[in-house]
Amino acid sequence: MKYNLKFKDIDETREFKETLTIKDVLAELGLSAQTVVAKQNGELAIEESPIEDGDDIQLIQIIYGG
């Protein structure tokens, strides 16, 4: 199975064999849900959302400041 990942300079198709969640993808990239918003097929997704074959996953960095 495959999913498409977009984050900053990453725009690639990745393969997976077992159950995968948004949380797993964040962990692979060393990211925290506190600093990134995840979209799955154009909709906001929570960490526990399972990734299905063919999904488009987009990670958006949250910018802090004041």
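One can find the structure itself at the top, above this paragraph.
All of these numbers come straight from a predicted model, not from anything done at the bench. (Residues numbered from 1 in each chain as written. Predicted model: local features only at pLDDT ≥ 70, side-chain atom pairs only at ≥ 80, totals over all residues. Heavy atoms only, no water.)

K.L.:
Describe the sheet that holds strand S4 (residues 43–45), listing the residues and the values that go with them.
P.N.:
One open sheet accounts for five strands, arranged S2-S1-S5-S3-S4; its pairing is mixed. Edge positions in the sheet fall to strand S2 (10–15) and S4, since each has one partner strand and no second. Direction aside, the axes of adjacent strands within the sheet are offset by 30° on average. Sheet topology note: the strand S3 (residues 36–40)/strand S5 (residues 56–61) ladder contains five bridges and is antiparallel. Each residue of the ladder has a partner; that of Val 37, found in S5, is Ile 60. (Pairing = 2+ DSSP bridges. Helix = DSSP H or I, 4+ residues; strand = E, 2+ residues; numbered from the N terminus. Axes fitted to C-alpha atoms, helices over the stretch in contact; angles between N-to-C directions.)

K.L.:
Account for the environment of Arg 14, with residues named and values stated.
P.N.:
Tracing the backbone through its elements, the reader meets Arg 14 in strand S2. By relative accessible area, which is 19% here, Arg 14 ends up buried. As for Arg 14 and Met 1, which are separated by 13 residues in sequence, their C-alpha atoms are 8.5 Å apart. Once residues lying within four places of it in the same chain are set aside, the contact partners of Arg 14 are Met 1, Lys 2, Tyr 3, Leu 5, Glu 28 and Leu 29. Within the structure, the side chain of Arg 14 is placed 2.6 Å from the side chain of Glu 12, a separation counted as a polar contact. (Buried < 20%, exposed > 50% of the residue type's maximum accessible area, 1.4 Å probe, protein only. Contact = heavy atoms within 4.5 Å. Polar contact = N/O pair within 3.5 Å; in protein donor to acceptor, adjacent residues only side chain to side chain.)

K.L.:
If you had to explain the environment of Ile 10 to someone new, which residues and values would you point to?
P.N.:
Following the sequence through the fold, Ile 10 ends up in strand S2. For Ile 10, a relative accessible area of 24% gives the class partly exposed. Residues Ile 10 and Gln 58, 48 residues apart in the sequence, show an inter-C-alpha distance of 9.8 Å.

K.L.:
Requested: an account of the environment of Met 1, with residues and values cited.
P.N.:
Mapped onto the secondary structure, Met 1 falls in the segment before strand S1 (2–7). Considering only alpha carbons, one finds Met 1 and Glu 47, 46 residues apart in sequence, at a separation of 20 Å. Discounting residues that sit within four places of it in the chain, Met 1 has contacts with Arg 14, Glu 15, Phe 16, Lys 17 and Asp 53.

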